[in-house]
Amino acid sequence: MGSHEVLTGSVSYTLETPDMDFWPIEVSIARAQNSDEDIEVVWADGCTSIYYPFWLREQCSCTDCHSETTREALIDITKIPLEIQAESITLDEQGYVNICWSDGGHKSRYHPGWLRANSYDDWAQKERVSELKTWDNSFSVLEFDGVRLLECDDHLYEWLTALDSSGLTLLKNVPTTKGSIRKIAERIGIIRQSNFGTLFDVVSKPDADSNAYLSIGLPLHMDLPSRETPPGLQFLHCIVNEAKGGASQFVDGFHLAKIIKQEAPEIFKIVTTVDYSFQNRSVDCDFRASGPLIRLDKYGNPIESRINTFIAAPIINLPHDMLKKAIAAKHYLLQTMNEPRFKVEFKMQPGDMVAFDNRRILHGRSEFYPNTGSRFLEGCYLDRDDLGSALRMLERKKRRIKSGY
Ligand code: OGA
Ligand code: ZN
Ligand code: ZN
C-alpha cells in the first residue's frame, strides 16, 4: 500500500485525487506554468491543457479540502477569491504538479492522470463524445451468458457496455427458477420498485391491472410513461413460453427519431415539443405524467422516448388546432414505428432474459393463446443511473489494476 492510499476492508482508494478513482499516467507532463491568468500543462504527446486556477483550487485533493474518508469537499469555495492565482508551479520527481496558491499559501498537488482525465479543452471534450449508433431490423441482438456474468466482471462489463450502446441485449442460460432475475439485476444496482412490485410476474391472469397481464398482443410501447421519470432499464426473464404466439418485438426509438427527423421534419418538431399525457390507472392507484413522444437534449439528440398507446390519457391542455396537429403527429409516428423496417422479432425461450433501455427501446409481444400452453415471464426495472454507476465502477477497477494499486 502506497503512502497516499487508504484501505477500508477490501476497498481501497487513493488520496492523490479528489475522487475515489484511479488514473493511470498514460501521458506524462512535459511542463506546467502560468499562462496569462490561467495554468497551462503541456503534455509529452504535444497536447496542451489550460486550467482556470479557481477550478484547480476547488479540486485540491488534500485532506483539508476533501475529507479523508468521504472524499467529498470540506472547503467553502466562497472563501476562495475568484481571481486566485498560482504563485509557484513545479513538477516533482514523480511528475505531479505542485502549486502554491496566492491566497495564504495553500499547497496543492495534482496527479497527472487525473489532470489528463479531467482536462476540458476542445480536443479533450471531443475525445469524450461518442456518436450514438442506432439500429433497424437488420440488427443482431448481442447475447451474453446469464451465469458467467455473475462470476466474471469482464463478461459483466461486456454485457453492460452493449446494453449502454445498443439499448437491447439478450442473456441466455439464466436459470429458469423464479427470482433468478434478482441476482442478475443486483450485479448492476438496486431494483426500482413500482406499483407492480419489486419483481413482477407477466402472466395472463383474471384480475389483471395491466394489459400486459392479459393474453392479447401488446403494441410496441414503453413501460410507465405515466411516471415523471420512467424506469431506465427493464428486464424480462422467460421462465415458460409454451403457449402458441407470444413472440417479442423491439424497435429502437432513437432510430425512429432519426428517420422521422429526416422524412417528416414538421412532424418531428411536434412530437419533440408537445407534451403528451399518460395515465396508469387501477383500482388502487392513479399515476399521471406527460412529456414529448421524443425528448431531445440541447444538441438535438434523442434522449428519451415516451410512447405507449394503451395508457395514453386524453390531451386536455392544448388549443383545438394544436390538439389536432398533435394527434396527427402521433398518428404518423405510430404508423411509421410499426413499419417492418424497424422491428426485430423473436420468441424468447426458457432461460432467455432481455435487458433493454425502457426509455429508448419500444417493446411489444404478439398475442398468445393460454389454452395451448403456459407462458410466464418475470420482470423488473432499474434506472439508467444504476447502469452508469456499475459501468464506471468496472472501469474504475480496470484503472486501479492498470495503476498498480
Ligand atoms: C410488459 C410487457 C411483454 C411480454 O410486461 O410490460 O411488455 O412479452 N411484456 O409479455
Ligand atoms: Zn487543499
Ligand atoms: Zn411492457
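Structure: see above.
Predicted model, so just to flag it, every value in this text is computed and none were measured. (Residues numbered from 1 in each chain as written. Chains lettered and ligands numbered in written order. Predicted model: local features only at pLDDT ≥ 70, side-chain atom pairs only at ≥ 80, totals over all residues. Heavy atoms only, no water.)

## Structural notes on the overall build of the protein chain
Piece 1. The helix and strand inventory of the protein chain stands at 10 helices and 24 strands.
Piece 2. Overall, the C-alpha framework of the protein chain stretches about 80 × 55 × 40 Å when taken along its three principal axes.
Piece 3. Across the 405 residues that make up the protein chain, the buried fraction comes to 49%.
Piece 4. Total accessible area on the protein chain is roughly 19,900 Å²; 51% of this is exposed by carbon and sulfur atoms.
Piece 5. The protein chain carries 46 positive and 58 negative side-chain charges, and their two centres are separated by 6 Å. (Helix = DSSP H or I, 4+ residues; strand = E, 2+ residues; numbered from the N terminus. Buried < 20%, exposed > 50% of the residue type's maximum accessible area, 1.4 Å probe, protein only. Areas by Shrake-Rupley, 256 points an atom, 1.4 Å probe, with all protein chains shown as cover. Lys, Arg positive; Asp, Glu negative; His and termini not counted. Charge placed at Lys NZ, Arg CZ, Asp CG, Glu CD.)

## So, the coordination of the zinc ion (ligand 2)
Piece 1. Protein coordination at the zinc ion (ligand 2): the donors are C60 (SG), C62 (SG), C65 (SG) and H106 (NE2), at 2.1 to 2.3 Å from the metal.
Piece 2. The coordination sphere of the zinc ion (ligand 2) comprises 4 donor atoms, whose angles at the metal cover 102 to 115°; the geometry is tetrahedral.
Piece 3. Taken in chain order, the donor set of the zinc ion (ligand 2) reads C-x1-C-x2-C-x40-H.
Piece 4. We classify C65 as buried; its relative accessible area is 0%. (Donors = N, O, S within 2.8 Å, 3.2 Å for Na, K, Ca; no water. Tetrahedral: all angles 85-135°; square planar, octahedral: opposite > 155°, others 65-115°.)

## What to know about the packing of helix 7 (residues 253-263) against helix 9 (residues 320-337)
The relative placement of two packed helices is expressed as an angle between their axes plus a distance between the axes.
Piece 1. In the contact formed by helix 7 and helix 9, the axes pass within 11 Å of each other and the chain directions differ by 120°. By the angle between their directions, the pair helix 7 and helix 9 is classed as oblique. Two packed elements cross with a definite hand, and for helix 7 against helix 9 that hand is right-handed. Taken together, the residues of helix 9 that come into contact with helix 7 (itself represented by L256, I260 and E263) are Y332, L333, T336 and M337. (Axes fitted to C-alpha atoms, helices over the stretch in contact; angles between N-to-C directions. Parallel < 35°, antiparallel > 145°, perpendicular 65-115°, else oblique. Left-handed = near helix turned anticlockwise from the far one by under 90°. Contact = heavy atoms within 4.5 Å.)

## Describing the environment of A329
Piece 1. Relative to the helices and strands, A329 is located in helix 9.
Piece 2. Given a relative accessible area of 1%, A329 falls into the buried group.
Piece 3. Separated by 315 residues in sequence, A329 and T14 have C-alpha atoms that sit 54 Å apart.
Piece 4. Once residues within four sequence positions are removed from consideration, A329 is found in contact with I267, I270, V271 and Y276.

## Examining the sheet that holds strand 5 (residues 48-51)
Piece 1. Strand order in the open sheet made by the 3 strands is 3-4-5, with antiparallel pairing throughout. The sheet terminates laterally at strand 3 (29-35) and strand 5, the two strands that pair on one side only. Adjacent strand axes in the sheet meet at a mean angle of 20° when their direction is disregarded.
Piece 2. Pairing of strand 4 (residues 38-43) with strand 5 involves 4 bridges; the strand directions are antiparallel. Among the inter-strand pairings, V42 is bridged to a residue of strand 5, identified as T48. (Pairing = 2+ DSSP bridges.)

## A word on the site of ligand 1
Piece 1. Contacts to ligand 1 come from V202, A212, L218, H221, D223, Q234, L236, H363, R365, R375 and L377.
Piece 2. The contact in question runs from an oxygen atom of ligand 1 to an N or O atom on the side chain of H221, over 3.1 Å.
Piece 3. Between ligand 1 and H363 there is a distance of 3.0 Å, counted from an oxygen atom to a side-chain nitrogen or oxygen.
Piece 4. The fraction of the free accessible surface of ligand 1 (290 Å²) that becomes covered by protein chains is 96%.
Piece 5. Every element with two or more residues in the shell around ligand 1 is listed here: strand 12 (218-221), strand 13 (233-241), strand 22 (361-365) and strand 24 (375-382).
Piece 6. Looking at side-chain class alone, the shell around ligand 1 contains 5 nonpolar, 3 polar and 3 charged residues. (Near = heavy atom within 4 Å. Polar contact = N/O pair within 3.5 Å; in protein donor to acceptor, adjacent residues only side chain to side chain. Nonpolar A, V, L, I, M, F, W, Y, C, P; charged D, E, K, R; others polar.)

## Description of the packing of aromatic side chains
Geometry of an aromatic ring pair is reported as the spacing of the ring centres plus the angle between the planes.
Piece 1. All chains considered together, the criterion is met by 12 aromatic pairs.
Piece 2. Look at F200 and Y381: their rings are 4.9 Å apart centre to centre, the planes differ by 40°, and that puts the pair in the tilted class. Here F200, found in strand 11 (residues 200-202), pairs with Y381, found in strand 24; they are 181 residues apart in sequence, far enough to count as distant.
Piece 3. Overall, Y381 belongs to the buried group, its relative accessible area being 2%.
Piece 4. In this arrangement the basic side chain of R109 is found over the ring face of Y96, its NZ or CZ atom lying 3.9 Å from the centre.
Piece 5. The cationic tip of K205 hangs over the ring face of Y213; the distance from NZ or CZ to the ring centre is 4.2 Å. (Phe/Tyr/Trp six-rings, centres within 6.5 Å; stacked < 30°, edge-to-face > 60°. Lys NZ or Arg CZ within 6 Å of the ring centre and 35° of its normal.)

## A few points about unusual backbone geometry
When glycine is set aside, most residues are seen to have a negative phi, and most peptide bonds are trans.
Piece 1. A positive phi is found at D36, a non-glycine position, where the angle reads about 50°.
Piece 2. Within the fold, D36 resides in the loop between strand 3 and strand 4.
Piece 3. Looking at D36, the relative accessible area reads 73%, which means it is exposed.
Piece 4. A positive phi is found at N173, a non-glycine position, where the angle reads about 75°.
Piece 5. Looking at where N173 falls in the secondary structure, it is placed in the loop between strand 10 (168-172) and helix 6 (180-185).

## Thoughts on the sheet that holds strand 9 (residues 142-145)
Piece 1. Taken in spatial order, the 6 strands make up an open sheet running 9-10-21-13-24-11, and their pairing is mixed. Of all strands in the sheet, those bounded by a partner on one side alone are strand 9 and strand 11. Shown here is a sheet whose adjacent strand axes are inclined to one another by a mean of 25°, direction ignored.

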